[in-house]
Amino acid sequence: MSPQKFGGPWTEQKLAAVEAYLKAYLKIFTANPIASQLTRHYVDAFAGSGWRQWAEDEPQLWTDEEGDALRFAEGSVRKVLGLKEAFHRYWLVEKNSKHAADLEAMIGNDFPARAANCTVVCRDANDFLLDWLARLGAKDRVVIFLDPYGMAVRWTTLEKLARSRKVDLWMLFPSASVLRMLPHAGPPSEAWSRRLTELFGTEDWRDEFYPKDVIMDLFDSIEQTQRKVDSSSVADFMLRRLGEVFAGVAPKALVLYNSRRSPLFHLVFAAANPKGAKPAIRIASHIIGTS
Ligand SMILES: C[S@@+](CC[C@H](N)C(=O)[O-])C[C@H]1O[C@@H](n2cnc3c(N)ncnc32)[C@H](O)[C@@H]1O
């Protein structure tokens, strides 16, 4: 086992929210006679190795039964495979070949009963999803968790997920990283601008984050462009963009803070299935509100 070092208490908060949603989803899809006829897929597109190691500055909040501090925490795949109710298929995508191999071994050792339904794919998440979505049939339903470290998710991927009409999506949106790419004095460099356009799928972020102000002096008027945005308005812009393509979007994101109470990420939820969107948004919003 080679656990990855990342996260903090906010990581547990993020995983708890996704886990609560999956429990509610599986309850509905196993108990409801019509929904139980559908094939349930779970996709963890930034799957990791299954375990993570506490970062050095992370408070040790969890202890084992003897009261000793736990050094390792379960990652998203372990949490999902440990649920009582099951998905029919688990698609676990991890670009790093060492992590993918560790993940595969961990599943074989610790979840032998579910191993036959798991496929570990060592590939870029965007490339995998574009191919995989095209193979889904009318009876497939999917929950996808996109949990990247940074800005690895492309807008074109999100658009395809929305068009599938089959996907419920939880995505960790890197609001603080986006904010760091937006200089106070004026728009970012060409390279960063391209990345932001790839992330949001539009150039509209320019007018949104850098509204033009006209300043009058004694003789003339001067047009000034200055940043007017914080991490929550960056996240709101992403929620509005998702609302343009998905059937429904939870109106509020779950804000994940670092130990100094600065927002790091926003966990967002969107539903692509027009029929299922309303209850899905209600459940996700309840979880976001109580997390
Ligand atoms: C934040 S970690 C995921 C943690 C995991 N969800 C968990 O709870 O344990 C992000 C993972 O995504 C992988 N990764 C980074 N870029 C990727 C990409 N483009 N496609 C697929 N995996 C990627 C990294 O190697 C890393 O293991």
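Rules used in this analysis
Residues numbered from 1 in each chain as written. Predicted model: local features only at pLDDT ≥ 70, side-chain atom pairs only at ≥ 80, totals over all residues. Helix = DSSP H or I, 4+ residues; strand = E, 2+ residues; numbered from the N terminus. Rg over C-alpha atoms; globule rule 2.2 N^0.38 Å. Buried ≥ 20, exposed ≤ 12 C-beta atoms within 10 Å, placed from the backbone. Contact = placed C-beta atoms within 7 Å. Near = placed C-beta within 6 Å. Nonpolar A, V, L, I, M, F, W, Y, C, P; charged D, E, K, R; others polar. Pairing = 2+ DSSP bridges. Core = buried A, V, L, I, M, F, W, Y, C linked by C-beta atoms within 7 Å. Arc of directions from axis to C-beta. Expected span 1.5 Å × (residues − 1). Axes fitted to C-alpha atoms, helices over the stretch in contact; angles between N-to-C directions. Left-handed = near helix turned anticlockwise from the far one by under 90°. Parallel < 35°, antiparallel > 145°, perpendicular 65-115°, else oblique.

Asks: Explain the overall build of the protein here, please?
Replies: Across its full length, the protein carries eleven helices and 13 strands. Relative to the globule expectation of 19 Å for 291 residues, the C-alpha radius of gyration of the protein, 20 Å, shows essentially globular dimensions. For the protein, the spread of C-alpha atoms along the three principal axes comes to 80 × 50 × 35 Å. Within the span of the protein, comprising 291 residues, buried residues form 35% of the whole. The contacts of the protein with a sequence gap of at least 6 include a subset with a gap of at least 24, amounting to 75%.

Asks: What is the right way to look at the site of the ligand in this model?
Replies: As a structural note, the neighbourhood of the ligand is formed by 20 residues, with Phe-46, Gly-48, Gly-75, Ser-76 and Ala-125 the closest of them. A per-class count over the shell around the ligand returns nine nonpolar, six polar and five charged.

Asks: Honestly, the pairing of strand E6 (residues 118-121) in this entry has me stumped. Any pointers?
Replies: Only one face of E6 is buried, namely the one carrying Cys-118 and Val-120, since none of Thr-119 and Val-121 on the opposite face is buried. In this sheet, E6 lies alongside strand E5 (residues 89-93) in parallel orientation, the contact comprising four bridges. Its bridge partner lying in E6, Tyr-90 is registered against Cys-118.

Asks: Got a minute to help me understand the pairing of strand E2 (residues 39-44) in this structure?
Replies: Residues in a regular strand project their side chains so that they alternate between the two faces of the sheet. Among the six residues that make up E2, five are buried, leaving the element largely enclosed by the rest of the structure. Pairing of E2 with strand E7 (residues 140-146) involves six bridges; the strand directions are parallel. The residue of E7 that forms the bridge with Arg-40 is Arg-141. Examined bridge by bridge, E2 and E5 share four bridges and lie parallel to one another. Note that in E5 the partner of His-41 across the bridge is Arg-89.

Asks: Explain the environment of Asp-147 to me, please; I cannot follow it from the model alone.
Replies: Structurally, Asp-147 is set in the loop between E7 and helix H6 (155-164). A sequence separation of 48 residues divides Asp-147 from His-99, and the C-alpha atoms of the two residues are 15 Å apart. Apart from the residues within four sequence positions on either side, Asp-147 is in contact with Phe-46, Ser-76 and Leu-172.

Asks: Help me understand the nonpolar core, please; the structure alone is not making it clear to me.
Replies: Across soluble globular proteins, nonpolar side chains show a tendency to be buried alongside one another. Among the nonpolar cores identified, the biggest contains 68 residues, and Ile-144, Leu-146 and Val-268 are the most heavily contacted of them. Considering each element in turn, this core owes the most residues, eight residues, to helix H1 (residues 9-31). In contact with Ile-144, other than residues within four places in its own chain, are Val-43, Ala-45, Leu-161, Val-167 and Leu-169.

Asks: Hey, could you run me through helix H5 (residues 125-133) in this one?
Replies: Side chains of residues three or four places apart in an α-helix project in the same direction, reflecting 3.6 residues per turn. Every buried residue of H5 is accounted for by Ala-125, Leu-129 and Trp-132. In a view along the axis of H5, the buried residues occupy a sector of 75°, so they form one face of it. Elements that come into contact with the buried residues of H5 comprise E5, E7 and H6.

Asks: What am I meant to see in H1 here?
Replies: Taking 1.5 Å per residue, 23 residues should reach 33 Å; H1 reaches 33 Å between its end C-alpha atoms and fits that length. When H1 is considered as a whole, its buried residues turn out to be Trp-10, Thr-11, Lys-14, Leu-15, Ala-17, Val-18, Tyr-21, Leu-22, Tyr-25 and Phe-29.

Asks: Mind showing me how you'd approach the environment of Pro-148 here?
Replies: On the secondary structure map, Pro-148 appears in the loop between E7 and H6. Accessibility expressed as a C-beta count within 10 Å gives 16 for Pro-148, which makes it partly exposed. Residues in contact with Pro-148, not counting those within four places in the same chain, are Phe-46, Val-153 and Leu-172.

Asks: Could you clarify how one ought to interpret the packing of H1 against helix H11 (residues 277-290) in this entry?
Replies: Working note: a packed helix pair is described by the angle between its axes plus the distance between those axes. Where H1 contacts H11, the two axes come as close as 10 Å, and the packing angle between them is 145°. Two packed elements cross with a definite hand, and for H1 against H11 that hand is right-handed. For the pair H1 and H11, the contacting residues are Ala-17, Ala-20, Tyr-21 and Ala-24 in the first and Ile-283, Ala-284, Ile-287 and Ile-288 in the second. A class-by-class count of the residues in the contact of H1 with H11 yields eight nonpolar, no polar and no charged.

Asks: What should I look at first to understand the packing of H5 against H6 in this one?
Replies: At a closest axis distance of 10 Å, the pairing of H5 and H6 adopts a crossing angle of 25°. Considering the angle they form, H5 stands roughly parallel to H6. Crossing of H5 over H6 shows left-handed handedness. Within the contact between the two elements, H5 uses Asn-126, Leu-129, Leu-130 and Leu-133 and H6 uses Thr-157, Lys-160, Leu-161 and Ser-164.

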